[in-house]
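# Secondary and tertiary structure notes
What follows is the residue order along each chain.
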Amino acid sequence: MKETSSGTGKAVPTPRIPVKTVLTPGGRELVAAFFILLAGSAAALFFACYQSPLYRYVPYQDADIYMAVARAMRNGLMPYRDVFDHKGILLYFVNLLAHIIFPKAATGVYIYLSVSMALFLFFLYRISRMFLENKPAMIAVFLVLGWIFGTEVYSDGGGSAEEYLLPCLSGCLYFFIRFIQYAEDKKTLSFRKFLIGSFLTGVFCGWMLWIKYTLIPAVGISFILLYTYLVIRKRVKDALLSLAGVVGGVLAVSIPCLAYLARHGILDDMWAVYIEFNRKYNSDKSVVSDINKEHLIASVLPVVCLLLGMLFLRYRAKVLPARVFAGVLIFFLTIFATILLVGRYYAYYFLVFTPFYIFATGALVFLIGLGLGRLKISLVSGKVSLPIMTLFIVTVLLLTVAASGGRMHNQTIFANKTKLELCADAINEHWASRGQSGSPEIISYLFGEKGLMDLSHTYPRHLYFYLPNALGEDGKMIALEQTRYVREGTVDYIFMCGDLSHTDWVERVNPDYRPLVIIEAKYVTETVYYFVSQISMRKLRRTGLERSLSGNIKVTDTIA
């Protein structure tokens, strides 16, 4: 321990800094760390995400659409061609597998998200172990976990495409840093691990490519700059081998996806939806409201903490090499620029920034370690280090529970039925009372899917079973196509959200439809009416179940 002068002529000990220049965790430590992170992720997500067994159903539109597409696939329909959604095929595969394992609940998605979140945090742990000891590093990682669940980026209850990308982003960031170190000094990484890391980077990029490809250019630019730096350092062979490994990883993920699409003849449909529709969708910035711009400001402000943390680790702690500092900054700026160019500032989009917060939380833990060192308390070893780490973890998990309180009063297995569930009950009772076989056909008319298909035990059978948040020609086309379904009476039930004038509108399109249930849902600034139109009378005639409408229309009283 070094001695410094306090200015009083007396030598005083420098507080122990809980870091080393290079730290290499062993295998046993990494295995233990992963299972700690898995337990923490599962505990946090149990309260935070709607897919957990704590909740009865998923009311979050995006996540419910992914599962609806998966249910359609299990019933022989094809994504893109038979049912519309504009995400990558891997997202539907994950939900399909989850549905096969747990056909009556979203528990399979909860398990996947728990493992995915643990893997995301594991790579952050590997990054933090480059400049922190094991216990401080674990504290820094759990602080990132608390930031995710304690802010509005997780306000929708989980299951967004961005959440599926988190382990890919943190994995790419980790290997990007290791490759920068390898470019500086070959001794920091064995050649075998360099190649394995390159292949895994490719796997992560392939996973992102077939879930939501938006961030692929940003990651690609960062690695191209890295390979350029390797070439400048006269390491052309290393650059080419790493590039080959990345391409190999991308192909390992892409070939099965392409084979599936080709086998079912939906390559063109996939291109028209996943590539072309998304290109138009992202270019349409007219749907970005003022409140979403506020989300942008609220979500980007913490980036200041990231920059301050990196500056601290670079210039005060001196544990962040200059080229690593520059590389991480470039990696972040390319992703930041991508989000700005996309032009849709939904809160959950900013989950893609969370891997970088490990530098902010790492700097904070470093400062805490310095403060405790002045009190002669070690955050690295000693009798109090483990209790301090445990206290931090428990505190963060309790905060995640508290942050989930807004959704826990509704939809939980202990809560009263929601208004959406009452709508579903009306459909189920109406369908059963007419002796119908199979399950009803439902569309969310000019509205998003909010879990009604799950609650009504059915799956989409119309291409446009919901209306995405898209304007322009594509949005108009989908709205007109849905209107055609109503006009031709090919759907059994229509779910809508709006005012009561919409009931007259539906009846003008097709007078065979009548309101089945109308439920008022009062919010802060508006009153919304959820209603489901009655089964098409044409279908009743075809099945010989025609009855007089009088007395059969069930309209509930307004529910406070």
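None of the values given here were measured: they were computed from a predicted structure. (Residues numbered from 1 in each chain as written. Predicted model: local features only at pLDDT ≥ 70, side-chain atom pairs only at ≥ 80, totals over all residues. Heavy atoms only, no water.)

A word on the overall build of the chain. Each helix and strand in the chain was counted, giving 21 helices and six strands. Sequence-distant contacts in the chain: of pairs separated by 6 or more residues, those separated by 24 or more amount to 74%. By element, 64% of the accessible surface of the chain is carried by carbon and sulfur atoms, the whole surface being about 24,500 Å². (Helix = DSSP H or I, 4+ residues; strand = E, 2+ residues; numbered from the N terminus. Contact = heavy atoms within 4.5 Å. Areas by Shrake-Rupley, 256 points an atom, 1.4 Å probe, with all protein chains shown as cover.)

Here we take up empty space enclosed by the protein. Throughout the structure, instances matching the rule amount to two cavities of 30 Å³ or more. There is about 70 Å³ of room inside the largest cavity. As for the largest cavity, its lining consists of Glu162, Leu165, Lys212, Thr214, Leu215, Ile339, Val342, Tyr349 and Val352. Where the lining of the largest cavity is concerned, the elements lending two or more residues are helix H6 (161-184) and helix H13 (322-342). Taken together, Tyr60, Val153, Tyr154, Asp156, Gly157, Gly158, Gly159, Ser160, Glu163 and Tyr348 make up the full set of residues lining the second largest cavity. Split into classes, the residues belonging to the lining of the second largest cavity amount to four nonpolar, four polar and two charged. (1 Å grid on protein atoms, 1.4 Å probe; cavity = no way out; pocket = protein on both sides within 12 Å on 5 of 7 lines; lining within 4 Å. Points joined across faces, edges and corners; volume = space filled by probe spheres on them. Nonpolar A, V, L, I, M, F, W, Y, C, P; charged D, E, K, R; others polar.)

Here the focus is the layout of surface pockets. Of the pockets and cavities examined, the second largest pocket occupies roughly 820 Å³. If you go around the second largest pocket, you meet 34 residues; those closest to its centre are Tyr174, Arg178, Gln181, Thr188 and Leu189. A total of seven residues in the lining of the second largest pocket trace back to one element, the largest contributor, which is H6. Considering only residue class, the lining of the second largest pocket consists of 20 nonpolar, six polar and eight charged.

Considering the arrangement of structural elements, one finds aspartate 238 in helix H9 (residues 236-263). At a separation of 2.7 Å, a polar atom in the side chain of aspartate 238 contacts the side chain of arginine 235. Aspartate 238 has contacts with Tyr182, Lys186, Phe191, Phe194 and Leu230, leaving out every residue within four places of it along the chain. (Polar contact = N/O pair within 3.5 Å; in protein donor to acceptor, adjacent residues only side chain to side chain.)

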